[in-house]
Amino acid sequence: MKIVNLTLVLALIMTGCEVVSVDADQEGVFIKKPWLFGEGGVDTTPLTDGSSWKVPSTDFIPFYVSPILFTENFDDIMSDGNTPVDLSASILLQINKGETPKLIKNFGHENWYAYNIQKEFRRYVFDEISKHKLIDLTSNRKIYVRIEQIVLDNVRLLIKSKDMPINAVSVVVDRAKPNQGVMDEIDRTAIEEQAQKTEEQKKLKEEFRKQSETKRAEADKAYQNEMNLTADQYIRLRGLEIEKEKID
């Protein structure tokens, strides 16, 4: 009777089996949760290519072992000088091939980046950006080479301290820019400065015109006195000169 029951159970289990597979850039981890007998837990041998059968009580989690890019957006990081800036930073991470079971067994979640690296990565970027002034962040690309290397080194130390089977490949930090509020203020200031310059130029032109007219009047008066002309005579003389200039 027991043999019959066991056969029925095995038949039921087999009818629920399914085929799982991985792509060329993936590995799959089996997590066994036996109903009746056998040991449970993470299978230390991952599926590295092709397909395999699994029973219903076993979970299967695929992982990409090709480099994966994670991008974080930052709003209102205070630069040195307390000017808020916006930027994005990306980190390229890669799981060591053949070690995906270790990732599940020791770190307990398939979303390993969010649970183990994301928070610290963001903090490293935040800390480095806040050390630099806005003018340098917006105009000096060499600063970013240093920032990227420091952040990458910190992430690598973090991964090593946790003994994660992960390789930090590279970090890229995009050029920071003032947030929208600061940009609007810069635009308003630029408009006000341009309006002020325009007004000053108008005043200078007006002053120059007045000076020119004053000098001309003084020259006319000096000529009138030198020629011993009355005001009437000088006006008629100037009228004739103007008419002559028109003809010429």
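For the structure itself, consult the block above.
Residues numbered from 1 in each chain as written. Predicted model: local features only at pLDDT ≥ 70, side-chain atom pairs only at ≥ 80, totals over all residues. Heavy atoms only, no water.

The next point concerns the overall build of the protein chain. When helices and strands are tallied, the protein chain shows eight helices and nine strands. Sequence separation of 24 or more characterises 68% of the internal contacts of the protein chain that already satisfy a separation of 6 or more. Entry remark: accessible area of the protein chain is about 16600 Å², with carbon and sulfur atoms responsible for 54%. (Helix = DSSP H or I, 4+ residues; strand = E, 2+ residues; numbered from the N terminus. Contact = heavy atoms within 4.5 Å. Areas by Shrake-Rupley, 256 points an atom, 1.4 Å probe, with all protein chains shown as cover.)

Among the 12 residues that make up strand β7 (residues 84-95), 10 are buried, leaving the element largely enclosed by the rest of the structure. Pairing between β7 and strand β8 (residues 166-173): seven bridges, direction antiparallel. Of the residues in β8, the one forming a bridge with Ile91 is Val171. (Buried < 20%, exposed > 50% of the residue type's maximum accessible area, 1.4 Å probe, protein only. Pairing = 2+ DSSP bridges.)

Turning our eyes to something else, we now look at the packing of helix α4 (residues 118-129) against helix α6 (residues 141-162). Two elements in contact, α4 and α6, have axes separated by 10 Å at closest approach and are oriented at 150°. Helix-helix and strand crossings are classified by hand; for α4 and α6 the assignment is right-handed. Two secondary-structure elements touch here, α4 through Glu120, Phe121, Tyr124, Val125, Glu128 and Ile129 and α6 through Tyr144, Ile147, Ile150, Val151, Asn154, Val155 and Leu158. Here the residues of the contact of α4 with α6 are counted per class, giving 10 nonpolar, one polar and two charged. (Axes fitted to C-alpha atoms, helices over the stretch in contact; angles between N-to-C directions. Left-handed = near helix turned anticlockwise from the far one by under 90°. Nonpolar A, V, L, I, M, F, W, Y, C, P; charged D, E, K, R; others polar.)

Our next topic: the packing of aromatic side chains. Inspection of the entire model under this criterion finds three aromatic pairs. Pairing Phe70 with Trp112 gives two aromatic rings, centres 5.6 Å apart and planes at 80°, and the pair type is edge-to-face. Residue Phe70 is located in strand β6 (residues 68-78), and its partner Trp112 is located in helix α3 (residues 112-116); the two are separated by 42 residues in the primary sequence. Like Phe70, the residue Trp112 is buried in the burial classification. Each ring, one from Phe70 and one from Tyr113, has its centre 4.0 Å from the other, and the planes form 15°; the classification is stacked. Taken together, the residues span a long stretch of sequence, with Phe70 in strand β6 and Tyr113 in helix α3 at a distance of 43 residues. (Phe/Tyr/Trp six-rings, centres within 6.5 Å; stacked < 30°, edge-to-face > 60°.)

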